[in-house]
Amino acid sequence: MSDPTTTVAETAAPRSPHLGWALVLISVAQLMVVLDATIANIALPYIGDDLGIGEANLTWIVTGYALAFGGLLLLGGRLGDLYGRRRIFMVGLAVFAVASLLGGLATNEPLLLASRGLQGLGAALASPAALALITTTFPAGPQRNRAFAVYAAMSGAGAAVGLILGGWLTGLDSAFGIEMSGWRLTFLINVPIGLVAAALAPRVLAESEAHIGELDVPGALTGTLGLLGLVFGFTRAGEQAHGWSDPTTIASLAAGVALLAAFAVIESRVAHPLLPIRIFRNRTRAVSFLVMMLVPAAMFAMFYFLSLFIQQVVGYSPLRTGFAFLPFSLGIVFGAGLSSNLVNRIDARFIAGTGTLMAAVALFGFSRLDVDDSAANLLASFRSGGFVGSDLNYWASIFPFILLMSVGMGLTFVPMTLTAVHHLRAEDSGIGSGVLNTMQQVGGALGLAVLSTVSLHFANRTADDLAPELARSAAGRVPPEELGTLLFRGSFTEGASAAFLAGSVLILVASLLIWTLLDVKHTELATDGPEGGVHVG
């Protein structure tokens, strides 16, 4: 049981004049680790050319980061609880900065992939500590709600900011008078930010009280490796070259399930568990964790499919594609600010429930995107150098749904983050934050893998129907090596539409959970302390 005096001390002590700077520091750090999941996406072709990395292995530049980040989050959250969240936050930022430097200077594939894994480790240490520091630094009520709104906005906007920043940096051939490949800047930009943030942390953040205890090594190993197995298996299952029937995919998923089952047994028996089961005994908290797995599953898949659609079907350049997502960043900031004000007066269920419904409508809207994918139009696009669907109007067909999705996500993330970590024991706030972040990362990886499989099924079916007609029409007019590209353009939209529709269903499931099972009152979110413990106003 936690000591009530400890809870009071931890929630009251950090009220310092540095609250504004503390929020800036935490938000910048969170933005950095989140945007790094997408900042390298646009640079992948350039990285492959420079380092001689094959197309099949390029995906591991993205998934390697996700694997380490998602798999080590629980361990990172627990380390913050045991040894002090500010200390672990600083260590995470320093590791992230060093890993970014190694990635930016990498001269071969193994070094680059190793640096991405090390970046994931740094992010897994810093991210749960950042969320827990908000809980212990800001007093409950409007101040904490506003802080969570900024944090949620950074988390949600990070993917869009990563695309914009990645597109811009990739196009640069030099910086500060130094000639270098632009893709290296997508890594090197993190170095000064991470080191400065780590150096400033002791000035603006109060250290949490350490709860020195035994580190659950068996739990850490089984839990981390189990999550890694699942994320790896689901990621591999979504790749066209492997799929769900691949022996490695099946073995990875089976090992992941077995290790997580062993993890559950261990956690129920050890004195100092990595993941206290009591965290899930509160229905509101359990529902919040589940929703925060389903929602990012659909959102990150939206980023993936829509960015490919805008580039490879509509025909935008990488930088223009990044800016096409700028309204998402603005919309989620607006939605997060609105929800942080409403959550003081309206129950979280109504705010998050409305937000998820808005997002479901947006994904349904994306599923209705239509282009002329006939063989005749494909050949015309090849001759003109344009793309299928190049006449698709961004402002009428894409912009409204990007804006609707982003505002809906802003309305969802803030109340769900508040309900997920509210009334946690002081010594559990780090691991609670780790669980929340793990749900988001694993949910995103799982969602992308599953929806990629859905997309691939419908795209292949369309390609099978289109291929004979395209081959006849293109005979003698299109080089054989270009037929695959045209066939992809013609079939991708059908697959993406199916993925968007499946994502809409995922969001509706999350919305149903919110409306039926989330019963926390807005008055409860204005109090501190664990349930049944001391509440500090």
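Each remark here, short or long, concerns the structure printed above.
Attention here is on the structure that accompanies the text.

## Section: helix α3 (residues 44-51)
At step 1: Three or more residues of α3 are buried, namely Leu44, Ile47, Gly48 and Leu51. Here the buried residues of α3 occupy an arc of 100° about the axis, which is enough to place them on one side.
At step 2: Glycine 52 occupies a position one or two residues after α3 and carries a positive phi of about 65°.

## A word on the packing of helix α12 (residues 283-314) against helix α18 (residues 399-421)
At step 1: At a minimum axis separation of 10 Å, α12 and α18 run at an interaxial angle of 155°. Considering their axes alone, α12 and α18 lie roughly antiparallel with respect to each other. In the crossing of α12 with α18, the sense of the turn from one axis to the other is left-handed. Where α12 approaches α18, its residues Thr284, Arg285, Ser288, Phe289, Val291, Met292, Val295, Met299, Met302 and Leu306 are matched on the opposing element by Ile402, Met405, Met409, Thr412, Phe413, Met416, Thr417, Thr419 and Ala420.
At step 2: Counted by class, the contact of α12 with α18 contains 13 nonpolar, five polar and one charged residues.

## Some words on the pattern of salt bridges
At step 1: Considering all chains together, one arrives at five salt bridges under this definition.
At step 2: Its salt-bridge partner being aspartate 347, residue lysine 521 comes within 3.8 Å of it at the nearest N-O pair. A residue pair is termed long-range when its members are at least 10 positions apart, and lysine 521 in the segment after α20 (480-517) and aspartate 347 in the loop between α14 (326-342) and α15 (348-367) qualify at 174 residues.
At step 3: Look at aspartate 347 and you get buried, because its relative accessible area is 11%.
At step 4: Salt bridges sharing partners connect three or more residues here, namely Arg78, Asp81 and Arg85.

## Some details on α18
At step 1: When the terminal C-alpha atoms of α18 are compared, their 33 Å separation across 23 residues agrees well with the 33 Å that a helix rising 1.5 Å per residue should span.
At step 2: Among the 23 residues of α18, 18 are classified as buried, and the element is accordingly described as predominantly covered.
At step 3: Positive phi appears at histidine 423, one or two residues downstream of α18, with a value of about 65°.

Parameters at a glance
- Along each chain, residue indices are assigned from 1 in the same order as the chain's sequence is written.
- Whole-chain, interface and lining totals are the exception, using all residues; otherwise, since this is a predicted model, local features are given only for residues with pLDDT of at least 70 and side-chain atom pairs are given and counted only at 80 or more.
- Remark: hydrogens and water are excluded; side-chain values derive from all non-hydrogen atoms of the structure.
- For the exposure calls, accessible area comes from a 1.4 Å probe over protein chains only, and a residue counts as buried if that area is under 20% of its type's maximum, exposed if over 50%, partly exposed in between.
- Only DSSP runs of H or I reaching four residues or more are called helices, and only runs of E reaching two or more are called strands; each is numbered from the N terminus.
- In this description, one arc is meant: the one made by directions from the helix axis to the C-beta atoms.
- To get an axis, fit a line to the C-alpha atoms, keeping to the stretch in contact for a helix; angles then go from 0 to 180 degrees between the N-to-C directions.
- In this scheme, roughly parallel covers angles under 35 degrees and roughly antiparallel covers those over 145, while 65 to 115 is roughly perpendicular and the rest are oblique.
- Definitions for this section: a left-handed crossing has its near helix turned counterclockwise from the far helix by less than a right angle. A right-handed crossing has that turn clockwise.
- Two residues qualify as a contact provided that any one of their heavy atoms is within 4.5 Å of a heavy atom in the partner residue.
- Polarity classes work like this: nonpolar for Ala, Val, Leu, Ile, Met, Phe, Trp, Tyr, Cys and Pro, charged for Asp, Glu, Lys and Arg, and polar for all others, with Gly in that last group.
- Only one rule defines a salt bridge in this text: a Lys or Arg side-chain nitrogen within 4 Å of an Asp or Glu carboxyl oxygen.
- Under the convention used throughout, the expected extent of a helix is 1.5 Å for every residue step, that is, one less than its residue count.

Honestly, that's just the spatial picture; any functional story needs more than this.
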